[in-house]
Every structure is written in structure tokens, then in C-alpha cells.
Amino acid sequence: NYVFFMHFYYAEVLYKLEDFLAAARNYDRVLEINPSPKDKKQKKLVIAAAEESVRSYDEVVKDLDRANPPDVSGVDKKSIPAIKQDLIAACQRYIKYAGGVGEKIVEIRYKMARIYYTYNHFDKAAPAFNDIVANHPKSDVACYSANLALDIYAGVKNFRALKKASRTYLDN
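What you see is a predicted model; the values in this text were computed from it and never measured.

## A closer look at the environment of Ile115
Inspection of the secondary structure puts Ile115 in helix H5 (residues 105-118). Exposure remark for Ile115: the relative accessible area of 8% places this residue in the buried category. C-alpha of Ile115 to C-alpha of Ile80: the two residues are 35 residues apart in sequence and 7.9 Å apart in space. Here Ile115 is in contact with Ile80, Lys84, Leu87 and Ile88, once residues within four sequence places are set aside.

## Overview of the side chain of His121
Position of His121 relative to the elements: it lies in the loop between H5 and helix H6 (122-135). Among the residues examined, His121 registers a relative accessible area of 13% and is labelled buried. Look past the residues within four positions of His121 in its chain and what remains in contact with it is Lys77, Lys78, Ile80 and Tyr116.

## Remarks on the layout of surface pockets
Looking at the largest pocket, its volume works out to about 180 Å³. Taken together, 13 residues make up the lining of the largest pocket; nearest its centre are Val61, Asp65, Lys111, Arg114 and Ile115. The set of elements that each furnish at least two residues to the lining of the largest pocket consists of helix H3 (40-67), helix H4 (82-98) and H5. For the lining of the largest pocket, the leading source of residues is H5, giving six residues. Split into classes, the residues belonging to the lining of the largest pocket amount to six nonpolar, one polar and six charged.

## Some details on the pattern of salt bridges
Inspection of the entire model under this criterion finds 12 salt bridges. Of the charged contacts, one joins Lys111 and Asp58 as a salt bridge, the two residues approaching to 3.1 Å between their closest N and O atoms. One end of the pair, Lys111, is in helix H5; the other, Asp58, is in helix H3, and 53 residues separate them in sequence. For Lys111, a relative accessible area of 17% gives the class buried. Of the residues examined, Asp58 reaches a relative accessible area of 13% and is grouped as buried. Overlapping salt bridges, with partners in common, bring together Asp58, Glu59, Lys62 and Lys111 in one network.

## Some details on the nonpolar core
Formed by 55 residues in total, the largest nonpolar core has its most connected members in Phe129 and Ile152. Put simply, the parts of the chain that give this core at least two residues each are helix H1 (2-16), helix H2 (20-33), H3, H4, H5, H6, helix H7 (142-155) and helix H8 (159-171). Each residue touching Phe129, except ones within four places of it in the same chain, is listed here: Tyr110, Ala113, Arg114, Tyr117, Ser145, Leu148, Ala149 and Ile152.

## Re the packing of aromatic side chains
The geometry of an aromatic ring pair comes down to the distance between the two centres and the angle between the two planes. For the structure on display, the rule yields seven aromatic pairs. Here Tyr15 and Phe20 contribute two aromatic rings whose centre-to-centre distance is 4.9 Å and whose plane-to-plane angle is 65°, an arrangement assigned as edge-to-face. Like Tyr15, the residue Phe20 is buried in the burial classification. For the pair Tyr117 and Phe122, a centre-to-centre distance of 6.1 Å together with 55° between the ring planes defines the contact as tilted. We classify Tyr117 as buried; its relative accessible area is 18%. Chaining the aromatic ring pairs together yields one cluster made of Tyr110, Tyr117, Phe122 and Phe129.

How each quantity is defined
- Residues numbered from 1 in each chain as written.
- Predicted model: local features only at pLDDT ≥ 70, side-chain atom pairs only at ≥ 80, totals over all residues.
- Heavy atoms only, no water.
- Helix = DSSP H or I, 4+ residues; strand = E, 2+ residues; numbered from the N terminus.
- Buried < 20%, exposed > 50% of the residue type's maximum accessible area, 1.4 Å probe, protein only.
- Contact = heavy atoms within 4.5 Å.
- 1 Å grid on protein atoms, 1.4 Å probe; cavity = no way out; pocket = protein on both sides within 12 Å on 5 of 7 lines; lining within 4 Å.
- Points joined across faces, edges and corners; volume = space filled by probe spheres on them.
- Nonpolar A, V, L, I, M, F, W, Y, C, P; charged D, E, K, R; others polar.
- Salt bridge = Lys/Arg side-chain N within 4 Å of Asp/Glu carboxyl O.
- Core = buried A, V, L, I, M, F, W, Y, C linked by side-chain atoms within 4.5 Å.
- Phe/Tyr/Trp six-rings, centres within 6.5 Å; stacked < 30°, edge-to-face > 60°.

Put into C-alpha cells, the structure is as follows:
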């Protein structure tokens, strides 16, 4: 129990010191130690750790992208760098622990979809963007999501899907 709390607070310190990768790993450790807490305080800490893990990995990814911008050309699938796979996993954990609801859900789903989109994993990106548009049409990223989904269909020349999505968006 003590170790659970220490990893969380140690991660907080590491984040403040801008050691984002170490912070992310320690937030992840909190989730590994007690993935299904019964205690109310520990449940809150697990959800916070899941959210902070996303934020920490996101900082690492931002640094990586500044130093080495991803190649966004073409439509062939590209391998997703390991650290971005870690960010996707952190996003998925947050969605699981938050129960698919909350103020950060749309932002986090969009973050995952953008990674899939950037690396041409359109089979995962398009449904995620469509989900955002359908279930969160008033969110700040709904319009971007619609545009990116349509861009995917046009890019891979799937005109049936392009037409269907366009019609759905217009009706929404």
C-alpha cells in the first residue's frame, strides 16, 4: 500500500522536474500495483495516475516530434515508434479507468486517433474519428475529426465510405 502511494508522489516530483519518461513509468507502476482499488482514495489516485501517465508520455512525444518530425507522406502503413505506442497504451488505460466518460475522454481519443492517422493506420484512425464526430459533435475536435476521416477515405480512394461519412456528418 505504501509503495502504491510512493510511486504516485514520486511520479509527481519527476513530472515537475521535467523527467517525463520516468514520471510516466512511475504512474504506470501505480496502475500495475493496484489496478482495481476498492478504497475511494486509491480509486481517485488510479484515475489520476492514468491521466498523468498520458500527459507525461505526451510530453515525451512532443519532444521527440520537435527533434525528429514524423514523415506524413503517402498512404502506406508506417511503424509507430515505441514511445508513441506507449502513449497509445496509456490513452487506452485512461479510457478504461475513466469508464469512457469524463472531460478528458474526447481529447485522449483524438490524441490516439492522430497517432494512428500520422502513421497511416487508417483502419484504426477513421473509426476513432467517426466515433468522436458521432458521440461528441460539440467538442472542439469534432470538426477536425470529420475532416481527417474524410481525408482518409479520399486518400485511400474509398469513395463509398467518403460518401457515406459525408452524408452522416451532414445529417448530424
